[in-house]
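# What the coordinates show
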Amino acid sequence: MIPAMLRVMTLSLLRDRGALAMAFLLPPVIFVIFAAIFSGVGGDAMELRVVLGIERNSPAAERLTQAMRDEPSLRFLPETLESADAVAQAVNRGAADVGLVVTGDLADTTTPPITVLVDPGKVMAGAILSGQVQRVLAKHLPDLSLARTLPAVESLVGGWTPEQSARLTAAMEQMAAANADQPPALVQTSFVGPQGGSGGTVTYYAGAVAILFLLFSAMQSAATLIEERHSGILDRIAIGPAGTDVVVIGKWIFLTVQGMVQVALIFLVAALVYGVDVLSHSWLWFLTSLAAAATASGLGLAVASICTSRQQAQTISTFVVLVCSAIGGSMVPRFMMPPWLQDAGWYTPNAWAIEAYHGVLWRGEGLLDLLPELGWLWACALAATALALIVSRKRLRM
Amino acid sequence: MNQPPDALLVSGLRVGYGGREVLKNLDLRVRAGEIYGLLGPNGAGKTTLIRSICGRVRPLGGTISIAGQPVSRKSLRRIGLVPQEIALYPHLTIGENLEVLGRLSGLSRDATRTAMGWATKAANLGNHLHSRVDILSGGWKRRANIAAAILHRPALLILDEPTVGVDVDARNALHDVILQLSHAGMGVLLTTHDLDQAETLCSSVGFLRSGTVAPQGEPRQLIETAFGTQKEIILELRQPPTEPQANTLLKSGFTPSNANLTWIMLGNASQNSAAELGAALDRAGMAVREIRFREPGLDSLFVRLSGKANQSVMEPAA
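Conventions used here
- Residues numbered from 1 in each chain as written.
- Chains lettered and ligands numbered in written order.
- Predicted model: local features only at pLDDT ≥ 70, side-chain atom pairs only at ≥ 80, totals over all residues.
- Heavy atoms only, no water.
- Contact = heavy atoms within 4.5 Å.
- Buried area = accessible area lost by both parts, 1.4 Å probe.
- Salt bridge = Lys/Arg side-chain N within 4 Å of Asp/Glu carboxyl O.
- Polar contact = N/O pair within 3.5 Å; in protein donor to acceptor, adjacent residues only side chain to side chain.
- Domains from an automatic or database assignment.
- pLDDT = per-residue confidence, 0-100.
- Helix = DSSP H or I, 4+ residues; strand = E, 2+ residues; numbered from the N terminus.
- Pairing = 2+ DSSP bridges.
- Axes fitted to C-alpha atoms, helices over the stretch in contact; angles between N-to-C directions.
- Phe/Tyr/Trp six-rings, centres within 6.5 Å; stacked < 30°, edge-to-face > 60°.
- Buried < 20%, exposed > 50% of the residue type's maximum accessible area, 1.4 Å probe, protein only.

## Here's the deal with the interface of chain A and chain B
Chain A puts 27 residues into the contact, and the matching count from chain B is 33 residues. Both faces combined, the contact of chain A with chain B buries some 2,600 Å², and carbon together with sulfur accounts for 55% of it. Where chain A packs against chain B, one counts three salt bridges. Put simply, A:Arg15 and B:Glu96 hold a salt bridge, and the shortest N to O gap is 2.7 Å. Remark: the boundary between chain A and chain B carries 10 residue pairs in polar contact (both at pLDDT 80 or more).

Okay, structure coming up:
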């Protein structure tokens, strides 16, 4: 009898083009959009638009602006403005994401000679540009950095002798001219995990979008349970030997399989477009996807069995999916959240599914490492499906 | 030759919700091959009775037997239920619906295919097996709705308002289908608000009021018992009467309907009395379009019973 229910679900899905697109087309498209957005945040693809202003010109200022313009991660507007006000206006009207103004003498150690003008809606852009300025100063204008620290050192050591002053001046000129023989930087950044191929962010978002859409489409498809209740199909089936259990279990199996296909499409795009290595972890990927799809299906059926109308189910499921996705890390990585919210995230299937996918595909974890995530997901799947079975049975007696 | 057991036998059924008894010592019998019309106003308890028969509500007392067996998972399989809504999958064709619902009713694949042929013929579905349900007209949907309930050849077919929302031709076609099924030996329990349908189609009817089915019996017999040789005198006015005119009609025994344009009274009428009545109305200044006489029907009985029910509700408060 369960195959009969699977047949109903398959034919209904194939003949409902809207549901078909929602199930299989939208997830890869949304993944590509998310991946395109977030793969740039940590790398060079973000390309902030920067407007430059110089109120007080000098050879050092020219060297700095040239070095900044050579930075591939920044897109400078072609013209250089002459006042901080003009730069502020350009940022305000959205012509640039952030502004950079040389307001004073770069050798002046009493006031900051460079100002970054930030749109309050793009605070991150200001932080990124400030960091880039510091990096360019250290890398391309080491003489300037040295000149800005010398007065402080001079006051500490009680002044330079004429001979020392001459040697320092010569050294700074040589650094400015040759830009060579620099000591190694104090801090160096290197990436952990697999080198080359896809970024960790893309792998993260493949999992994040997968569980988001598993939940969305499971909730959508499970609502057919409500239609069957209202149209009398469940009444008709309930007097036969099948009862409502066959309907609920049949739908759970179908939605799990549908979810597997959805997730496969998302990771197919991730593998083809972003080089995420799914093939060499295919077995564990399969177990993770199965657990995630079963959980989403169970939750969808639980919501559908509890709700009395399709409209109510739509409202509640949208609320549940959005909240779970927001705090579970499907929209913003959880490490960026306050600790209490990170802890709350562990009560959502999103956090466990994303952890499992990231563990398999990025950290290369084995089955033993994955047991907590898989265990939580399966416990949630079985509890939710059992709830759907019990409530569906009880509804017949109401 | 052994008589087949009654398709449905309900004795002394009591069902209640939250301390309130909805059905009180209800008795009802549907013989094999009989079409029984269950009538009653909304909220009388028809749905509760059907749910009790289908094992969905635990009775407080009394017994229900289906084809001679008490309600159990096994005996419930002798019921075919046709809900008021179109209980079919809209994206599937009629044939696919029958296949799927046949399998869900416990038939094997081969038995389902055999049953489909029979049910399709019984419901006169013709060449519509390959049509999707969501594009069919109301009449064809209703036929398919019935076909899906008879695949397992139930002893008792329960039809809940089977002709709601269909035109006259489709309604007559559905009547033929229901009659054919009863001739095939199925007991049919039909709930309806269509009293003409009940009178022409049902061999027995019962009025469900105040938690019991009374009166019940053959439609013509019930009408004769209630009205004897009396006829209905129906008065069609050209315009609503003034208040004094309306009071006169009420005092004469007429009851109004159709926005006070139609007035009905029971009495022993003749052509002479019609002429006298017409003259009297003329004198009272009422413009009459038509005076006619009619045999009372189930609708007349329904109105009378509903009036009595309302009176009995009103009396304690008066």
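There is more to say after this.
## Structural notes on the domain arrangement of chain B
Residue and element names in this part refer to chain B. Partitioning chain B into structural domains gives domain 1 (8-221) and domain 2 (225-317). Using only C-alpha atoms to locate each centre, domain 1 and domain 2 end up separated by 36 Å. Listed per partner, the contact involves 13 residues of domain 1 and 10 residues of domain 2. Counting the surface lost from both domain 1 and domain 2, the interface buries some 950 Å², and carbon and sulfur atoms represent 70% of this. Contact with domain 2 buries area across many residues of domain 1, yet Leu195, Phe207 and Arg209 alone supply 47% of it, more than any other trio.

## Quick notes on the confidence of the model for chain A
Per-residue confidence for chain A gives a mean pLDDT of 85; residues scoring 70 or more make up 91%. Ranking the helices and strands of chain A by mean pLDDT puts helix H13 (residues 282-306) of chain A first, with 96, and helix H3 (residues 26-38) of chain A last, with 75.

## Remarks on the sheet that holds strand S14 (residues 288-294) of chain B
Residues and elements named next belong to chain B. Pairing within the open sheet is antiparallel, and its four strands lie in the order S12-S13-S11-S14. Edge positions in the open sheet fall to strand S12 (255-257) and S14, since each of these has one partner strand only. With direction set aside, neighbouring strand axes in the sheet form an average angle of 25°. Bridge count for S12 against strand S13 (residues 262-267) is three bridges, and the pairing is antiparallel. Its bridge partner being in S13, Pro256 is matched across the sheet by Trp263. Sheet strands in contact with helix H9 (residues 243-251) are strand S11 (231-237), S12 and S13, and its direction is about 20° off that of S13.

## Here's the deal with the packing of aromatic side chains
All names here are of chain A. Under the definition given, this model contains eight aromatic pairs over all chains. With 5.9 Å between their ring centres and 75° between their planes, Phe267 and Trp285 make a pair best called edge-to-face. Of this pair, Phe267 sits in helix H12 (residues 243-274) while Trp285 is found in helix H13, placing the two residues 18 residues apart along the sequence. The same class applies to Phe267 as to Trp285, namely buried.

## Section: helix H5 (residues 138-147) of chain B
Of all the 10 residues making up H5(B), seven are buried; the element is thus mostly covered by neighbouring parts of the structure. Every buried residue of H5(B) is listed here: B:Gly139, B:Arg142, B:Arg143, B:Ala144, B:Asn145, B:Ile146 and B:Ala147. The inward-facing, buried residues of H5(B) contact helix H11 (233-238) of chain A together with strand S6 (79-82), helix H3 (94-104), helix H4 (109-122), strand S7 (156-160) and helix H6 (168-183) of chain B.

## Considering the side chain of A:Glu365
When you line up the elements, A:Glu365 lands in the loop between helix H16 (349-361) and helix H17 (367-396). Within the structure, A:Glu365 has its side chain in polar contact with the side chain of A:Arg363 (distance 2.8 Å).

## Some words on the environment of A:Arg75
Residue and element names in this part refer to chain A. Checked against the element boundaries, Arg75 lands in strand S2 (residues 74-81). Using a relative accessible area of 40% as the deciding quantity, one classes Arg75 as partly exposed. When the C-alpha positions of Arg75 and Ala293 are compared, they lie 42 Å apart, and in sequence the two are 218 residues distant. Residues within four places of Arg75 in sequence aside, it is in contact with Glu47, Leu48, Arg49 and Val50.

## Considering the confidence of the model for chain B
Of the residues in chain B, 95% reach a pLDDT of 70 or more, and the chain-wide mean stands at 86. On the interface metric, ipTM, the complex scores 0.80, and its pTM is 0.76.

## Notes on the domain arrangement of chain A
Its domain assignment divides chain A into domain 1 (2-39 + 199-396) and domain 2 (48-178). Between domain 1 of chain A and domain 2 of chain A, the C-alpha centre-to-centre distance is 50 Å.

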